[in-house]
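The residues making up each chain are set out below.
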Amino acid sequence: MNNFIQVTHCDTFPDEILFEVFISETMIPLRVKKAASQIDGPEYDPHGFCLLVSYDKQTREFALVIQKESGNVCYVDRNGEKHWVLAPFDSIFLEQLFKECWSCKKDVEKSK
C-alpha cells in the first residue's frame, strides 16, 4: 500500500494537543489533487498534503480539525502557503490517523 501518515509537528496546550500530519497523495480525492496541481503547475508536490488533528485532554478524543470552515485538508504550495479544502475521509483512514497521533502523543508525554 502506498499510503503513509506522518506526524510532523505537535503543539501541547492546557486543554488539547494539536498535530500536523502529512499524508500520502493516494489518500486524497482526485478533485483535490487536480486543484493542487493547478496551484503549483509543474512544481506540484504530491507529498504536500496535510491535516490538523486535535486531541481533547478532558474527553480523551481525537478529531479532524476544520480550518476556518473552509476545509479539513490542505495543500502546502511551493511558497509554503496553505490552501484548505473540504474532503471526505472514511472511518478506516481516520482510525489509522488517530492511532498515529496517539503514538506521537505517548512519545511527547515520555519526553516531559
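In the block above lies the structure referred to throughout.
Here's a quick rundown of the structure. All values derive from a computational prediction rather than experimental measurement.

**Comments concerning the nonpolar core**
Ranked by internal contacts, the top residues of the largest apolar core, which has 25 residues, are F19, V21, I23, F49, V53, F93 and L97. Mapped by element, the contributors of at least two residues to this core are β1 (5-12), β2 (16-23), α1 (30-40), β3 (49-56), β5 (73-76) and α2 (91-110). Discounting chain neighbours no more than four positions away, the residues touching F49 are V21, F22, I23, E25, I28, V32, K33, A36, Y44, C74 and Y75.

**Some details on the pairing of β5**
The two faces of β5 match: V73 and Y75 on one face and C74 and V76 on the other face are all buried. Taken together, the 3 bridges between β3 and β5 define a ladder with antiparallel strand orientation. When the bridges of β5 are listed, C50 appears paired with C74. Following β5, the chain reverses through 5 residues before pairing antiparallel with strand β6 (residues 82-85); G80 in that reversal takes a positive phi of roughly 85°.

**With respect to α1**
Every buried residue of α1 is listed here: V32, A36 and D40. For α1, the buried positions fall inside an angular range of 60° around the axis, keeping them on one side. Residues of α1 that are exposed and point over 90 degrees away from its buried face: L30 and Q38. Contacts made by the buried residues of α1 are with β3, β5 and β6.

**As for the pairing of β6**
Relative to β6, β5 is paired through 4 bridges, and the arrangement is antiparallel. Counted as the bridge partner of V76 is K82 from β6.

**Some remarks on the packing of aromatic side chains**
In this structure the tally under the stated criterion is 9 aromatic pairs. Taking 5.3 Å as the distance between ring centres and 50° as the angle between the ring planes, the aromatic pair formed by F49 and Y75 counts as tilted. In this pair, F49 is assigned in strand β3 and Y75 in strand β5, connecting sequence segments 26 residues apart. For the residue pair F49 and Y75, the accessibility class agrees, reading buried in each case. Measuring from centroid to centroid gives 4.7 Å for Y55 and F62, while their planes differ by 50°, and the two rings are tilted. For the pair Y55 and F62, a shared accessibility class is recorded, and that class is buried.

Conventions used here
Residues numbered from 1 in each chain as written. Predicted model: local features only at pLDDT ≥ 70, side-chain atom pairs only at ≥ 80, totals over all residues. Heavy atoms only, no water. Core = buried A, V, L, I, M, F, W, Y, C linked by side-chain atoms within 4.5 Å. Buried < 20%, exposed > 50% of the residue type's maximum accessible area, 1.4 Å probe, protein only. Helix = DSSP H or I, 4+ residues; strand = E, 2+ residues; numbered from the N terminus. Contact = heavy atoms within 4.5 Å. Pairing = 2+ DSSP bridges. Arc of directions from axis to C-beta. Phe/Tyr/Trp six-rings, centres within 6.5 Å; stacked < 30°, edge-to-face > 60°.

So yeah, pure geometry; function would need other evidence.
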